[in-house]
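Here is what each chain is made of, one letter per residue.
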Amino acid sequence: MKKIQLILFGIGNVGSTFINQIIQAQKVFQQQGLEIEIPIILNSSTAFIKDEGVDENWKANFVDFGLPYQVEEIIDYVKTKNWQHIVAIDATASSEFVNNYTNLVENGFHIIAANKVANTLAYDDYEFFREILKENKKQFLYETNVGAGLPVVETIKNLHQSGEKVTKIRGVFSGSLSYIFNTFSEENKNFSDVVALAEAKGFTEPDPRVDLSGTDVARKLLILARELQLTYNLEDVKVKSLVPAHLAETTSVTTFQENITDLDEEFQLLKAELNENEVLRYIGELDVEKEILEVKLVKEQKENPLGALQGADSLFEIYTESYGNQPLVIQGAGAGAAVTARGVVSDVIKLAERIDCCN
Ligand SMILES: NC(=O)c1ccc[n+]([C@@H]2O[C@H](COP(=O)([O-])OP(=O)(O)OC[C@H]3O[C@@H](n4cnc5c(N)ncnc54)[C@H](OP(=O)(O)O)[C@@H]3O)[C@@H](O)[C@H]2O)c1
């Protein structure tokens, strides 16, 4: 039986769902010869330790027995144990936490991240961390960085590593923006009302400008470009923000919410310009040959996969030499705690397979 110990940083939406999925899937893991435990769970201030792995009572135990911690203390504690395969799971959204990655890897941890920050650092830092991983023979998996549980990162990596020439990647990378434009195109509603609807359904961030500014889509596009060993930085992505300058992030969320109807006229005009068989979509696009990375609003034919998108689905079109003009398409829920946590579990299984021979 191969034993893997997971140290889980972040017990919010994704982290807490992940714990429950790990506990519930024990039998399935055992059938694969795996024993997977989570002996330490942490939020930004508190750690709860149970050497034999947390159980169904983890939430109450965390409240009752959790203690303040420093990451260094956690590393020292783990070193006192005779654990063979240790994985730090980053289910935070913290840039500060990413500063611990090098230290964790140098102290024997593999890393699995839902957090996108490490993969969107300046390219030199991105490269430096990969060197650290290589030197320490440690794995870093992050499938959920793009498209949550959808197998986007792995597919692109596999195509590239097998010598396939990926020429273009385009798609709707964000569940919230998918919902906003799918609804706005279909229904006779003001743009601001549709954004409010998306907020009410919990699709947007508490500050919807995080979605509407296009930065999150730009990050995902950059992560995919880097899988093709392209050395771009975030500044290389040309982003059409949907937030007007006078309501940009220098103003408060309240000011933005109070004035969100300022967006309505522009979007109504854009809608009026559409032909009967067209819809608006907010997409990310990487054109490898033209060296263009863009986040933009486009008109799509309703019968095309992007135009036919429904609900809050994400969709990724991958164009390669062998697939020709018909792209490989990956579509499905691109956000949500359940699919994201399952994507993280799937990374744990992948990691278990990889360390089979070599560690
Ligand atoms: N939700 C999705 O659909 C989705 C999809 C793909 C990827 N992701 C990514 O998954 C990650 C987690 O998302 P979420 O929705 O679960 O976020 P969340 O509900 O806000 O939870 C974040 C967790 O991280 C903890 N945390 C923050 N800073 C920390 C630090 N320095 N050290 C340890 N723990 C820290 C928070 O603890 P405190 O409560 O103490 O602050 C909280 O427990 C994010 O990076 C997100 O972008 C999410």
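Everything numeric here is computed off the predicted structure, so don't read it as measured data. Positions within a chain are numbered from 1, following the residues in the order the chain's sequence is written. Selection of residues for local features in this predicted model requires a pLDDT of at least 70, selection of side-chain atom pairs for listing and counting requires 80 or more, and totals for whole chains, interfaces and linings are taken over all residues. With hydrogens and water set aside, each side-chain value is computed from the structure's full complement of heavy atoms.

1. Details of the overall build of the protein
Numbering of helices and strands starts at the N terminus; helices are DSSP runs of H or I of at least 4 residues and strands are runs of E of at least 2. Helix and strand content of the protein: 15 helices and 13 strands. In this description the radius of gyration comes from C-alpha coordinates, and the expected globular size is given by 2.2 Å times residues to the power 0.38. Radius of gyration (C-alpha) of the protein: 21 Å, near the 21 Å computed for a compact globule of 359 residues. Reported as C-alpha extents along the three principal axes, the dimensions of the protein are approximately 65 × 50 × 40 Å. Note on classification: 1.4 Å probe, protein chains only; a residue is buried when its accessible area is under 20% of the maximum for its type, exposed when over 50%, partly exposed between these limits. In the protein, which comprises 359 residues, the proportion classed as buried is 52%. Two residues qualify as a contact provided that any one of their heavy atoms is within 4.5 Å of a heavy atom in the partner residue. Residue pairs at least 24 apart in sequence account for 68% of intrachain contacts in the protein once pairs closer than 6 positions are excluded. Surface summary for the protein: the accessible area is close to 16700 Å², and the carbon and sulfur share equals 47%. Side chains of the protein carry 33 positive and 54 negative charges; the gap between the two charge centres is 4 Å. What sets the accessible areas is the Shrake-Rupley method with a 1.4 Å probe; for residues, cover comes only from the shown protein chains. Under this rule, positive means Lys or Arg and negative means Asp or Glu; His and the chain ends count for nothing. The atoms used to mark charge sites are NZ of Lys, CZ of Arg, CG of Asp and CD of Glu.

2. Concerning the site of the ligand
Note on definitions. A residue lies near a molecule or strand when any single heavy atom of the residue is within 4 Å of it. The ligand sits among 20 residues. The nearest are Asn-13, Val-14, Ser-44, Thr-92 and Gly-336. Whenever two N or O atoms come within 3.5 Å, that pair is a polar contact, provided that in protein one can donate a hydrogen and the other can accept it, and provided that, for residues adjacent in sequence, both atoms are side-chain atoms. In this structure, an oxygen atom belonging to the ligand sits 3.3 Å away from a main-chain N or O atom of Gly-12. At 2.8 Å from an oxygen atom of the ligand is found a main-chain nitrogen or oxygen belonging to Val-14. In isolation the ligand has 910 Å² of accessible area, and contact with the protein removes 71% of it.

3. Observations regarding the UniProt feature "domain: Aspartate/homoserine dehydrogenase NAD-binding" (unreviewed entry) in the protein
Under the UniProt annotation, "domain: Aspartate/homoserine dehydrogenase NAD-binding" (unreviewed entry) lies at residues 10-143. What you have in residues 10-143 is 43% helix and 21% strand, and the ends, taken at the C-alpha atoms, are 17 Å apart. UniProt positions are given in the numbering used here, feature names are shortened, and annotations may be inferred rather than shown by experiment.

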